[in-house]
Amino acid sequence: MASGQKQVESKRTPVYQEHLDLSYYLDQKGEKQPIKTWNDWEKRRSHILANMQTVMGELPHPEKPVPLDMKVLEETTIGSTKRFKISYHTDDPKQRVHAYLFVPQSATKQHPVPAVLCLHQTNSKIGKEEPSGIRGLPNLKYALELAKRGYVSLAPDYPSFGEYPYDFKAHPEYRSGTMKAIYDNMRSIDLLQSLDYVNRDKIGCIGHSLGGHNTMFTAAFDKRIKALVSSCGFTRFHKYYGGKLKGWTSDRYMPLINSRYQNDPDLVPFDFTEIVAGFAPRAFLACSPISDSNFEVSGVRDVIQIAKPIYELAGKEENLQAVYPKAGHDFPVETRETAYQFFDKHLK
C-alpha cells in the first residue's frame, strides 16, 4: 500500500503495525496508550473492526432490511429430526439463498432450544449439502449431528457455491466476497431468531476451512453469536504459506489484499490475533490439526497465546480454548465431539 493511502486511512482509523502486541491502543494523536481496562480494550477492538472493513468493505446497515420471506421447499424426516430445505432473501429481493434447516423434535414454542449456524467448506458444487450430511465427507456433517444433539441448525450456501449463483464483480456494493458472506450470515441469524422454537439468546456458529474463517469473520461483527467453533479455519497471516497471501485474494475473499496490500502480511491492517481477541468474552474453540497443510498450526498457537490476556482481562479465560488433534486438514470424530460438548457447555 502506498504511503498516501496509509495516511488517508490513518485519518479515519489508527493503523496498527504490530498485530502481535495487544497491550495498547492508539489515541487520537496516534500515541500508544496501555490497555488497563475493558474500556481501553473496546477502543482497540473498534479500531480492529474498522481496519477489517478497510479490506473487506463496510458492513451494511440498511434502515429497512429486505424481508426474509422464508419459504419451505422440501421436508424430510430423519429419525426424531425434521430437515427442511428452505429459501430466503438476504439483501436482494430478486435473489434467494437456499439452505437446509434442521429442527429436532425437542424444539417447541414452549421449550425453545439453542441454534447453530453451520457454514460449509470450499466445495463449489454441493455447498450446504456437506454439513447437512447429504453428500460430501462424513466428517463434515456437523449440521445434521448437532440437530441430533437437540440443536436447531441452519446450513446455507456461501455466495457462488451450491445453489447460489453469484457474480462478485457484478456487485460493486461489496468490496469483498467476505463481507457479502458476513452480511448473508447475519441475515441467517435474523432468520434463526425469528423462529419461535429457537432460543434467540443462545446462538452458535461452526464451520470447517472456508466455513471456519467465515464463522470467525461473522462473529467478529455479530455479537449475537455467543459461542463459535472454527475447524481448520485460520493461522496468522505471516504463517499462511510462509506469508504468501494469494489464497486470500480471490473475488470470493478479499481482492484488496492483492491490489492494495501487495499480498504482504506486513501491510494488511489486521490479523487473526486481533480477531480472536475481539471475541472476548464470548466462547471460542479453535480446532487446529497439527498436520493441517492449509493453516499452519504454530500460527494458531501464536494467536491463542496472544489473545489470552484479553480473555483474562474479561475474567473469562476459560472461554478461549484450542485443541490440536493428530490429523490433517480434517474434522475428526473426537474433535467434533469436543466441539459439540463446547456448545453444550456454553449454549445449553
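Since we're looking at a predicted model, the values are computed, not measured.

1. Notes on the packing of helix H2 (residues 38–56) against helix H5 (residues 210–221)
Axis separation between H2 and H5 bottoms out at 11 Å; the angle between their running directions is 125°. If you check the angle between H2 and H5, you find them oblique. In the crossing of H2 with H5, the sense of the turn from one axis to the other is left-handed. Note on element contacts: H5 touches H2 through Phe217, Ala220 and Phe221, opposite Arg45, Leu49, Met52, Gln53 and Met56. Each residue belonging to the contact of H2 with H5 can be placed in one class, and the counts come to six nonpolar, one polar and one charged.

2. Considerations on the packing of helix H4 (residues 177–194) against H5
At a minimum axis distance of 9 Å, the contact between H4 and H5 shows a crossing angle of 70°. It follows from the interaxial angle that H4 and H5 lie roughly perpendicular. Where H4 crosses over H5, the handedness of that crossing is right-handed. Along the contact surface, H4 presents Thr178, Met179, Ala181, Ile182, Asn185 and Met186, while H5 presents Asn214, Phe217, Thr218 and Phe221.

3. Structural notes on the pattern of salt bridges
One pass over the structure, following the stated rule, counts 22 salt bridges. For Glu129, the salt bridge identified is with Arg135, shortest N-O distance 2.7 Å. Among the residues examined, Glu129 registers a relative accessible area of 14% and is labelled buried. Through salt bridges with shared partners, a single network forms among Lys85, Lys128, Asp157 and Glu163.

4. A look at the confidence of the model for the chain
Looking at the chain as a whole, the pLDDT averages 96, with 97% of positions reaching at least 70. Here residues 1–10 is modelled with pLDDT under 50, and outside its nearest four sequence neighbours on either side it reaches 14 contacts, counting other chains as well.

5. Notes on the pairing of strand S7 (residues 152–156)
Within a regular strand, the side chains alternate between the two sheet faces. The buried fraction of S7 amounts to five of the five residues, a majority that puts the element mostly inside the structure. Every second residue of S7 is oriented toward a common face, with Val152, Leu154 and Pro156 on one face and Ser153 and Ala155 on the other, all of them buried. As judged from the four bridges shared by strand S5 (residues 97–104) and S7, these two strands associate in the antiparallel manner. Considered in S7, the bridge of Tyr100 is made with Ala155. Relative to S7, strand S6 (residues 113–119) is paired through three bridges, and the arrangement is parallel.

6. Section: the packing of aromatic side chains
For the structure on display, the rule yields 20 aromatic pairs. Here Tyr166 and Phe168 contribute two aromatic rings whose centre-to-centre distance is 5.0 Å and whose plane-to-plane angle is 70°, an arrangement assigned as edge-to-face. The two residues Tyr166 and Phe168 agree in class, both being buried. Ring centres of Tyr240 and Trp248 lie 5.6 Å apart, and the angle between their planes is 50°; this geometry places the pair in the tilted category.

7. Points about the environment of Ala99
The topology assignment puts Ala99 in strand S5. Assessed through its relative accessible area of 0%, Ala99 is described here as buried. Between the C-alpha atom of Ala99 and that of Ser132, which follows or precedes it by 33 residues, the distance is 9.3 Å. Ala99 has contacts with Phe84, Lys85, Ile86, Tyr88, Lys128, Leu154, Ala155 and Pro156, leaving out every residue within four places of it along the chain.

Reading guide: rules and limits
Residues numbered from 1 in each chain as written. Predicted model: local features only at pLDDT ≥ 70, side-chain atom pairs only at ≥ 80, totals over all residues. Heavy atoms only, no water. Axes fitted to C-alpha atoms, helices over the stretch in contact; angles between N-to-C directions. Helix = DSSP H or I, 4+ residues; strand = E, 2+ residues; numbered from the N terminus. Parallel < 35°, antiparallel > 145°, perpendicular 65-115°, else oblique. Left-handed = near helix turned anticlockwise from the far one by under 90°. Contact = heavy atoms within 4.5 Å. Nonpolar A, V, L, I, M, F, W, Y, C, P; charged D, E, K, R; others polar. Salt bridge = Lys/Arg side-chain N within 4 Å of Asp/Glu carboxyl O. Buried < 20%, exposed > 50% of the residue type's maximum accessible area, 1.4 Å probe, protein only. pLDDT = per-residue confidence, 0-100. Pairing = 2+ DSSP bridges. Phe/Tyr/Trp six-rings, centres within 6.5 Å; stacked < 30°, edge-to-face > 60°.

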